[in-house]
Amino acid sequence: QAQLVESGGGLVQPGGSLRLSCAASRFTFSRSAMRWYRQPPGFERELVAVITSSGISTYYADSVKGRFTISRDNAKNTVYLQMSSLKPEDTAVYYCNAPKADSAGVYGGDYWGQGTQVTVSS
């Protein structure tokens, strides 16, 4: 089974920056789009950013656009989320996500990492 392991979370003051990493293994990372989700305490999980397999195209939620940057290094099987100008409302558990496909390439659910906590507070 595929494995996704997030790291880089922690406590940061408002206006600060943080970079999250997601190390992927046991699947064809270079052919997979990758996503970051987050789940604030007491709220639904929400999509934050998406990057295509090539890294050419990206998507961002309006709430983070202009502040967050998703990127990937296919040689290292790693996707990143660079977070800047952090706000208290960015506080959440951040999850790495990848679509799962069967042997025929048909979508069959998602892989999820364990999550990493980001806390923005003064």
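Right, let's walk through the structure included here.

Scoring rules and cut-offs
- Residues numbered from 1 in each chain as written.
- Predicted model: local features only at pLDDT ≥ 70, side-chain atom pairs only at ≥ 80, totals over all residues.
- Heavy atoms only, no water.
- Buried < 20%, exposed > 50% of the residue type's maximum accessible area, 1.4 Å probe, protein only.
- Helix = DSSP H or I, 4+ residues; strand = E, 2+ residues; numbered from the N terminus.
- Pairing = 2+ DSSP bridges.
- Disulfide = S-S within 2.5 Å.
- Axes fitted to C-alpha atoms, helices over the stretch in contact; angles between N-to-C directions.
- Polar contact = N/O pair within 3.5 Å; in protein donor to acceptor, adjacent residues only side chain to side chain.
- Contact = heavy atoms within 4.5 Å.
- Core = buried A, V, L, I, M, F, W, Y, C linked by side-chain atoms within 4.5 Å.

1. A look at the pairing of strand S1 (residues 3-7)
Alright, step 1. Alternating positions in S1 separate cleanly, Leu 4 and Glu 6 being buried on one face and Gln 3, Val 5 and Ser 7 remaining unburied on the opposite face.
Alright, step 2. As paired strands, S1 and strand S3 (residues 18-25) are joined by five bridges and run antiparallel to one another. Across the sheet, residue Glu 6 finds its bridge partner in S3, namely Cys 22.

2. So, the state of the cysteines
Alright, step 1. Under the counting rule described, the total for this entry stands at one disulfide.
Alright, step 2. The disulfide that involves Cys 22 links it to Cys 96, with 2.1 Å between the sulfurs. For the disulfide bridge between Cys 22 and Cys 96, the dihedral angle about the S-S bond is near -85°, and by the sign convention the bridge is left-handed. One end of the pair, Cys 22, is in strand S3; the other, Cys 96, is in strand S9 (residues 92-101), with 74 residues separating them in the sequence.

3. Section: the sheet that holds S3
Alright, step 1. Overall, antiparallel pairing links the four strands, which are arranged S1-S3-S8-S7 in an open sheet. Strands at the two margins of the open sheet, each flanked by one partner only, are S1 and strand S7 (68-73). Across this sheet, the average inter-strand angle for adjacent strands is 15°, counted without regard to direction.

4. Focus: the side chain of Asn 97
Alright, step 1. Tracing the backbone shows Asn 97 in strand S9.
Alright, step 2. There is a polar contact of 2.6 Å between the side chain of Asn 97 and the side chain of Arg 35.
Alright, step 3. Polar side-chain contacts of Asn 97 include one of 3.1 Å to the side chain of Asp 110.
Alright, step 4. Leave out the neighbours within four places in its chain, and Asn 97 touches Leu 4, Ala 33, Met 34, Arg 35, Tyr 37, Asp 110, Tyr 111 and Trp 112.

5. Quick look at the nonpolar core
Alright, step 1. Core analysis: the biggest nonpolar cluster contains 30 residues, and Leu 4, Met 34, Trp 36, Val 79, Leu 81, Met 83 and Tyr 94 have the highest contact counts within it.
Alright, step 2. Of all the elements in the fold, those that place two or more residues in this core are S3, strand S4 (34-39), strand S5 (46-51), S7, strand S8 (78-83), S9 and strand S11 (116-120).
Alright, step 3. Once residues lying within four places of it in the same chain are set aside, the contact partners of Met 83 are Gly 16, Ser 17, Leu 18, Leu 20, Arg 67, Phe 68, Tyr 94 and Val 118.

6. Digging into the environment of Thr 119
Alright, step 1. Looking at the secondary structure, you find Thr 119 in strand S11.
Alright, step 2. Considering only alpha carbons, one finds Thr 119 and Gly 10, 109 residues apart in sequence, at a separation of 6.1 Å.
Alright, step 3. With residues near it in sequence (within four places) discarded, Thr 119 still touches Gly 10, Leu 11, Val 12 and Thr 91.

Geometric descriptors of this kind do not, in isolation, establish any biological role.
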